[in-house]
Amino acid sequence: MPPTSAAEPSKVLVVESNPAMAEIEVLVLANAGHEVISAGNAQRALNLARRWNPDLVLLELDLPDLPGANLCRQLRNRAPIPIIAVSLDGNPDAIGDAYAAGACDYLPKPLRTGELLDHIRVHLTAPKVA
């Protein structure tokens, strides 16, 4: 029987409109043992979330086709998974809107690898909230 620590990797959906940033985030998360897929806009993120059922979403707030808070609300209505909002500008109104829409955490860009992985670990091991 395999050890219990050899659980399936967590599935993380990265929603990031900057392709270079998305690539870095995917590499960092994959190297940490997560299964990762990325979307560059809200519509693709919704389609992937429906098909792939991620365990956590890393959500950029400044998307080209829909405000991040709107996408956060749609994802939250779909499933009670952790959503970590990220943004470069740190606009307090956008951050507040993301929390009101269901985000459970916020990280400013540029992301620090250790901090990002710590926040993800905390939210993936926390009890699920309905």
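The rules behind these values
Residues numbered from 1 in each chain as written. Predicted model: local features only at pLDDT ≥ 70, side-chain atom pairs only at ≥ 80, totals over all residues. Heavy atoms only, no water. Helix = DSSP H or I, 4+ residues; strand = E, 2+ residues; numbered from the N terminus. Expected span 1.5 Å × (residues − 1). Buried < 20%, exposed > 50% of the residue type's maximum accessible area, 1.4 Å probe, protein only. Arc of directions from axis to C-beta. Polar contact = N/O pair within 3.5 Å; in protein donor to acceptor, adjacent residues only side chain to side chain. Pairing = 2+ DSSP bridges. Axes fitted to C-alpha atoms, helices over the stretch in contact; angles between N-to-C directions. Contact = heavy atoms within 4.5 Å. Salt bridge = Lys/Arg side-chain N within 4 Å of Asp/Glu carboxyl O.

A. Representation of unusual backbone geometry within the structure. Cis geometry marks the peptide bond from Lys109 to Pro110, where omega comes out at 0°. Take Pro110: it is sitting in the loop between strand 5 (105-108) and helix 5 (113-125). Positive phi is not limited to glycine here, since Asn53 has a value of about 50°. By the element assignment, Asn53 lies in the loop between helix 2 (42-52) and strand 3 (56-60).

B. View of helix 1 (residues 19-31). Between its terminal C-alpha atoms helix 1 stretches 18 Å, which fits the 18 Å expected from 13 residues at 1.5 Å a residue. Turning to helix 1, its buried residues number three or more, namely Ala22, Glu25, Val28 and Leu29. End-on, the buried residues of helix 1 take up no more than an arc of 130°, which puts them together on one face. Turned more than 90 degrees off the buried face of helix 1, the exposed positions are Pro19, Glu23 and Asn31. A side-chain oxygen of the first residue of helix 1 lies 2.9 Å from the backbone nitrogen of Ala20; this N-cap is Asn18. A positive phi of about 100° marks Gly33, the residue just after helix 1.

C. Examining the environment of Pro67 more closely. Relative to the helices and strands, Pro67 resides in the loop between strand 3 and helix 3 (68-78). Separated by 48 residues in the primary sequence, Pro67 and Glu115 place their C-alpha atoms 25 Å from one another.

D. Molecular detail of the sheet that holds strand 1 (residues 11-15). Strand order in the open sheet made by the 5 strands is 2-1-3-4-5, with parallel pairing throughout. Two strands in the sheet have a free side with no partner beyond their single neighbour: strand 2 (35-39) and strand 5. Each adjacent strand pair in this sheet contributes to an overall mean axis angle of 20°, direction not counted. Sheet analysis places strand 4 (residues 83-87) next to strand 5, joined by 4 bridges and oriented parallel. Its bridge partner lying in strand 5, Ile84 is registered against Asp105. Along the sheet face, helix 2 touches strand 1 and strand 2 and points at about 150° away from the line of strand 2.

E. Focus on the pattern of salt bridges. Per the stated rule, a full pass over the model turns up 4 salt bridges. Where Arg112 meets Glu115, a salt bridge forms, and the shortest distance between an N and an O atom there is 3.9 Å. A salt bridge links Arg121 to Asp118, with the nearest nitrogen and oxygen atoms 2.6 Å apart. Pair noted here: Arg121 and Asp118 are both in helix 5, with a separation of 3 residues, about one helical turn. Judged by its relative accessible area of 47%, Arg121 is partly exposed. Given the relative accessible area of 40%, Asp118 is considered partly exposed. One network of salt bridges, with partners in common, ties together Glu16, Glu60 and Lys109.

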